[in-house]
Amino acid sequence: MFFKNEIHRSFLASAMGISALVVGGALFTPCLSQSTSEMETNKIGTAFEKAPRLGPISVIHTEAGGSSLYIFTIKVSKNASQSLQAVRVTQIDGIESISFGNNQSRAYLGDRVAQEQSLRLVSVGGEQEPGVLIPFERPIAPGQSVTITLQAQQNPSERGIYQFGVTAYPVGDNIAGLYLGTERVNYESR
């Protein structure tokens, strides 16, 4: 049975790319014959050299009882070294839960919504983690931007601040997402 501090030590060692064994509460690490970067690639797949940048969120139609369109823009740095494969948007705070319509996600190459720049998304089946996953059929290359729109099924009826976390996933197998930050929507005008 793992205890909280043992899990923390195990996770920390894993995040550092070090194979570790927790025995009797002590952390043992074997001799390192590979460089840390080689182990990180073998253990967690590829990662961004420089994090993508999350722009401010825009929301269209915030009146109560209506349906809003949430717009997120992400810029992949020229120095990212990896293309952006997918994005996850998760509500992390708010009085009510905001549900986004199934199959209502859209993506556009560039920093605005433009039909001529529409991107195809990959359909994802099975049980999903919380939030909305937006996987791109063609990854977003370093130096490019992507604009994502999510259609809310219904706006919240309660005033307040609603926060959304955005995580980016690079191309590769066995990859860990990179949390880009939190954006806020203020539903005060009712």
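Everything numeric in this text was worked out from a predicted model, so none of it was measured.

## Some points on the sheet that holds strand β11 (residues 160-170)
Two pairing modes exist for strands in a sheet, parallel and antiparallel, and in both the strands are linked by backbone hydrogen bonds. Overall, antiparallel pairing links the four strands, which are arranged β9-β6-β11-β12 in an open sheet. The open sheet terminates on both sides in strands that have one partner only, identified here as β9 (132-140) and β12 (178-187). Geometrically, the sheet is characterised by an average inter-axis angle of 20 degrees between neighbouring strands, direction not taken into account. Pairing of strand β6 (residues 84-93) with β11, which is carried by eight bridges, proceeds in the antiparallel orientation.

## Some words on the environment of Thr147
Mapped onto the fold, Thr147 is located in strand β10 (residues 145-151). Taking the relative accessible area as the measure of exposure, Thr147 reaches 1% and is therefore buried. Here the alpha-carbon distance between Thr147 and Leu119, two residues 28 residues apart in the chain, equals 9.7 Å. In this structure, Thr147 is in contact with Ile71, Phe72, Thr73, Arg106, Ala107, Tyr108, Gly110, Asp111, Arg112 and Val113, ignoring residues within four places of it in sequence. In this structure the side chain of Thr147 is engaged in a polar contact, spanning 3.1 Å, whose partner is the backbone nitrogen of Arg112.

## Side note on the confidence of the model for the protein chain
When pLDDT is low, close inspection of the predicted coordinates is not appropriate. Here the protein chain averages 75 in pLDDT, while 69% of its residues score no lower than 70. Of the regions scoring below 50 in pLDDT, residues 1-44 engages in 39 contacts with residues more than four places distant in sequence or in other chains.

## Structural notes on the nonpolar core
Membership of the largest hydrophobic core comes to 31 residues, with the highest contact counts inside it found for Tyr70, Leu84 and Phe164. Elements represented by at least two residues in this core include exactly β5 (69-75), β6, β7 (106-109), β9, β10, β11 and β12.

## Observations regarding unusual backbone geometry
Despite not being glycine, Ser81 has its phi angle at roughly 70 degrees, a positive value. Tracing the chain through its elements places Ser81 in the loop between β5 and β6. Given the relative accessible area of 41%, Ser81 is considered partly exposed.

## What about the pairing of β5?
Burial of β5 is extensive: five of the seven residues sit out of reach of the surface. Here strand β3 (residues 53-54) pairs with β5 via two bridges, running antiparallel. Note that in β5 the partner of Leu54 across the bridge is Ile74. Across three bridges, strand β4 (residues 58-60) lies against β5 in antiparallel orientation. Paired with Val59 across the strands is Tyr70, a residue of β5. As paired elements, β5 and β10 share seven bridges and run antiparallel to each other. Directly across from Thr73, in β10, lies its bridge partner Thr147.

Calculation criteria
- Residues numbered from 1 in each chain as written.
- Predicted model: local features only at pLDDT ≥ 70, side-chain atom pairs only at ≥ 80, totals over all residues.
- Heavy atoms only, no water.
- Pairing = 2+ DSSP bridges.
- Helix = DSSP H or I, 4+ residues; strand = E, 2+ residues; numbered from the N terminus.
- Axes fitted to C-alpha atoms, helices over the stretch in contact; angles between N-to-C directions.
- Buried < 20%, exposed > 50% of the residue type's maximum accessible area, 1.4 Å probe, protein only.
- Contact = heavy atoms within 4.5 Å.
- Polar contact = N/O pair within 3.5 Å; in protein donor to acceptor, adjacent residues only side chain to side chain.
- pLDDT = per-residue confidence, 0-100.
- Core = buried A, V, L, I, M, F, W, Y, C linked by side-chain atoms within 4.5 Å.

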